[in-house]
Amino acid sequence: MRKEFEAMQVGPVRGYTSSQIILHWLIVVLVLFQLIFGESMSSVFRAAQRGTTPDPNDATLATLHIWVGFAILAAVVIRLALRLRQGPPPPPEGQSPVLEWIATATHWLFYFLLFAVPISGIVAYYWQPAAGEVHELGKPAFIILIVLHAGAALWHQFWLRDGLLMRMLKPGA
Ligand code: HEM
């Protein structure tokens, strides 16, 4: 059994696996939810600091914000473990080293934010409210990275037509 497993590991990595693809798009949906509805958490947090009662809708969205934050953290732990175990697929053919470097840096910055933003939120909520200032920097940082990253993926797909987007849609592509 172990031999069969080792045999499966031999050879260059071909694309992303279905678990990596599912986790990528699950995290996209969860992060977008946080970016769109995160203000409710800020309102509830400020109301708690002032000792006033928050709006009931904000209170519901704030509870969801906490659970979605924990879900993102769990998903990124699994995702990073899969990435470290199987390594990244090779860059698209003919990609310049500079663009390759920017793509790799963007991916690692995403991983950094996907850990740092939920963890600073947990620290702010449970122990040290001042960490909320670090947590709030996550929103503009994510927006900049998402615009760069999604723009690059669409540029590859529709301008260079090298099928890069398919790597995150079809296992092994
Ligand atoms: C919250 C938004 C997003 C986050 C956090 C995110 C994160 C990431 C990360 C970390 C990787 C690197 C995977 C690895 O090798 O470990 C990646 C790859 C990729 N993402 Fe995203 N992504 C987001 C949105 C999007 C969107 C909107 C698109 C499409 C328009 C997209 C398309 C891709 C593609 C095609 C790859 C593979 C790139 C390659 O193989 O070189 N992503 N994403």
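Because the structure is predicted, anything quoted here is derived from the model rather than measured.

1. Quick notes on the packing of helix H2 (residues 18-50) against helix H4 (residues 97-126)
When two helices pack together, their arrangement is given by the angle between their axes and by how far apart the axes lie.
Item 1. One way to put it is that H2 packs onto H4 with a least axis distance of 13 Å and a crossing angle of 25 degrees. The angle between H2 and H4 falls in the class roughly parallel. For the pair H2 and H4, the crossing hand works out as left-handed. The residues of H4 that touch H2, namely those facing Ile27, Val31, Met41 and Phe45, are Leu114, Ala124 and Tyr125.
Item 2. Residues belonging to the contact of H2 with H4 are distributed by class as follows: 7 nonpolar, no polar and no charged.

2. Quick notes on the packing of aromatic side chains
Item 1. In this structure the tally under the stated criterion is 6 aromatic pairs.
Item 2. Ring geometry for Trp108 against Tyr111: centres 5.2 Å apart, planes inclined by 45 degrees, an arrangement best described as tilted. Within this pair, Trp108 and its partner Tyr111 are both found in helix H4, separated by 3 residues, close to a single helical turn.
Item 3. Ring geometry for Tyr125 against Tyr126: centres 4.9 Å apart, planes inclined by 85 degrees, an arrangement best described as edge-to-face.
Item 4. Pairwise contacts between aromatic rings join Tyr125, Tyr126 and Trp127 into one cluster.

3. Some points on unusual backbone geometry
Leave glycine aside and you will find that most residues have negative phi; peptide bonds, for their part, are mostly trans.
Item 1. At Arg161, a residue that is not glycine, the phi angle is positive and equals roughly 50 degrees.
Item 2. For Arg161, the position within the fold is in the segment after helix H5 (131-160).
Item 3. Overall, the relative accessible area of 68% leaves Arg161 in the exposed class.

4. Details of the UniProt feature "transmembrane region" (unreviewed entry) in the protein
Item 1. UniProt records the feature "transmembrane region" (unreviewed entry) at residues 21-37, 64-82, 108-128 and 140-160, using the numbering of this structure.
Item 2. For residues 21-37, the helix share is 100%, the strand share is 0%, and the end-to-end C-alpha distance is 25 Å.

5. Brief notes about the layout of surface pockets
Item 1. Roughly 1100 Å³ of internal volume is contained in the largest pocket.
Item 2. Around the largest pocket, the lining comprises 39 residues; the ones closest to its centre are His24, His107, Phe110, His149 and Ala153.
Item 3. Going through the elements one at a time, H2, helix H3 (56-86), H4 and H5 are the ones with two or more residues in the lining of the largest pocket.
Item 4. Volume-wise, the second largest pocket comes out at about 730 Å³.
Item 5. Taken together, the elements giving at least two residues each to the lining of the second largest pocket come down to H2, H3, H4 and H5.
Item 6. With 10 residues, the top contributor of residues to the lining of the second largest pocket is H2.

Calculation notes
Residues numbered from 1 in each chain as written. Predicted model: local features only at pLDDT ≥ 70, side-chain atom pairs only at ≥ 80, totals over all residues. Heavy atoms only, no water. Axes fitted to C-alpha atoms, helices over the stretch in contact; angles between N-to-C directions. Helix = DSSP H or I, 4+ residues; strand = E, 2+ residues; numbered from the N terminus. Parallel < 35°, antiparallel > 145°, perpendicular 65-115°, else oblique. Left-handed = near helix turned anticlockwise from the far one by under 90°. Contact = heavy atoms within 4.5 Å. Nonpolar A, V, L, I, M, F, W, Y, C, P; charged D, E, K, R; others polar. Phe/Tyr/Trp six-rings, centres within 6.5 Å; stacked < 30°, edge-to-face > 60°. Buried < 20%, exposed > 50% of the residue type's maximum accessible area, 1.4 Å probe, protein only. UniProt positions renumbered as here; feature names shortened; annotations may be inferred. 1 Å grid on protein atoms, 1.4 Å probe; cavity = no way out; pocket = protein on both sides within 12 Å on 5 of 7 lines; lining within 4 Å. Points joined across faces, edges and corners; volume = space filled by probe spheres on them.

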